[in-house]
Amino acid sequence: MEMNEQLLKEAGQVITKQSGEVIFRSGDAGEDMYVVLKGTVNIFLEQNGSSIPVARLRQGDFFGEMSLLEGMPRSGTAIVDQASELVMLSEDSFRKLMKEDIVLAWRVMKGLSSRIRSTNNELAKQIGNDLQEVSKLLHENAQGLSGSIMHIAASAGEIDTNERQLAQQIKEVQVISKDIGVMLEFIRNVATQTHILGLNAAIEAARSGEHGRGFGVIAEEIRKLSAQSKENAEKIADLTEQIVLNMDKITSSSENSAQRINEQADATNQMVASVDTMAGLAARLSTIASTLT
């Protein structure tokens, strides 16, 4: 079955194009379709600045029907390959021909069905490939994230252990500080008693007159040592008190850090569960993609 070229020419507008001429470009507005009577026309898709050849149309083939039927912009670029004779059909002329030329109507229907099926297949293939790529990236990212989370969890565990050891050591230092306090109290008492003994020795030296002068010198030195011991003991007591206060603060901070680390560990475990869910979704995406390709 052949198309009635005479009806085509009478219904539409016959145009001739030379090799290399552009009939229309992708994105152009249009309301007409074309039927090839002679020559060949190449159809290209424009993607990322590149022209991808998708079809070579010969005698009896048609193109541009989507713009005619739906008023859509041109989806591709049509360029004449070999000098061609074309019939350009408007919507009115196309409707008239559909009634008068059953062969053309059949070809248009068959061509549309073939193109829709081809488009669906390409779309399904593209979606399948995209889903597989997304699934792959999702799975790889989930694995990387899971590894990082496990590393964080392990580090948090080590930090928690170190914090506990530090807290224990701080408590031991606090005990030592208390022991130092006890010893300082003893030194204070010794200093006080020494001071009293020095006073008594000075009194006795005064009573002894000339014979007690050397004893008086010794008594004075004892009082000086007593005063220095008491002064140093007070300084040490102040430092020890500061150590205890700082240790209390460090202990509080350490316990707070340990609590935060435990909370971090719990959050990390929740993230691991989320990653497992992501991995499951990636597997489902991969399964869906395999059914489309």
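Computed from a predicted structure; not experimentally measured.

As a further point, take the overall build of the chain. Check the secondary structure of the chain and you find five helices and six strands. For the chain, the N- to C-terminal ordering of α and β elements is α-β-β-β-β-β-α-β-α-α-α. Across the chain, every contact between residues at least 6 apart in sequence was considered, and the portion connecting residues at least 24 apart equals 81%. Of the roughly 18,900 Å² that the chain leaves accessible, carbon and sulfur atoms contribute 55%.

Here the focus is the pairing of strand E4 (residues 50–57). Pairing geometry for strand E3 (residues 33–47) and E4, over seven bridges, is antiparallel. Across the sheet, the residue bridging to Gln-47 is Ser-50, located in E4. The antiparallel hairpin formed by E3 and E4 contains two residues in its connecting segment, where Asn-48 sits at a positive phi of about 55 degrees.

What follows deals with the pairing of strand E6 (residues 77–89). Bridge analysis of strand E1 (residues 13–17) against E6 gives five bridges, and the strand direction is antiparallel. From the neighbouring strand, Thr-16 faces E6, where its bridge partner is Glu-85. Note that strand E2 (residues 22–24) and E6 share two bridges and pair antiparallel. In the strand pairing of E6, Val-22 is matched with Ile-79. In this sheet, E6 lies alongside E3 in antiparallel orientation, the contact comprising ten bridges. Looking across to E6, one finds that Val-35 is bridged to Val-87.

It is worth spelling out the nonpolar core at this point. For soluble globular proteins, the rule of thumb is that nonpolar side chains tend to be buried together. Among the nonpolar cores identified, the biggest contains 13 residues, and Ile-23, Tyr-34, Val-41, Phe-63, Ala-78 and Leu-86 are the most heavily contacted of them. Elements represented by at least two residues in this core include exactly E2, E3 and E6. The residues contacting Ala-78, other than those within four sequence positions of it, are Glu-21, Val-22, Ile-23, Phe-24, Val-41, Asn-42, Ile-43 and Phe-63. By size, the runner-up hydrophobic cluster in this structure holds twelve residues, among which are Leu-68, Leu-89, Leu-97 and Val-108.

We now examine the pattern of salt bridges. Pairing is possible between side chains that carry opposite charge, provided their charged atoms lie close to one another. Tallied over the full model, the rule gives three salt bridges. When the shortest N-O distance is used, the salt bridge between Lys-17 and Glu-21 registers 3.9 Å. Salt-bridge contacts for Glu-91 lead to Arg-95; the nearest nitrogen and oxygen are separated by 2.9 Å. With Glu-91 and Arg-95 both in helix H3 (residues 91–100) and four residues apart, this pair spans about one turn of that helix. Residue class for Glu-91 comes out partly exposed when judged on its relative accessible area of 37%.

Rules of the game
Residues numbered from 1 in each chain as written. Predicted model: local features only at pLDDT ≥ 70, side-chain atom pairs only at ≥ 80, totals over all residues. Heavy atoms only, no water. Helix = DSSP H or I, 4+ residues; strand = E, 2+ residues; numbered from the N terminus. Contact = heavy atoms within 4.5 Å. Areas by Shrake-Rupley, 256 points an atom, 1.4 Å probe, with all protein chains shown as cover. Pairing = 2+ DSSP bridges. Core = buried A, V, L, I, M, F, W, Y, C linked by side-chain atoms within 4.5 Å. Buried < 20%, exposed > 50% of the residue type's maximum accessible area, 1.4 Å probe, protein only. Salt bridge = Lys/Arg side-chain N within 4 Å of Asp/Glu carboxyl O.

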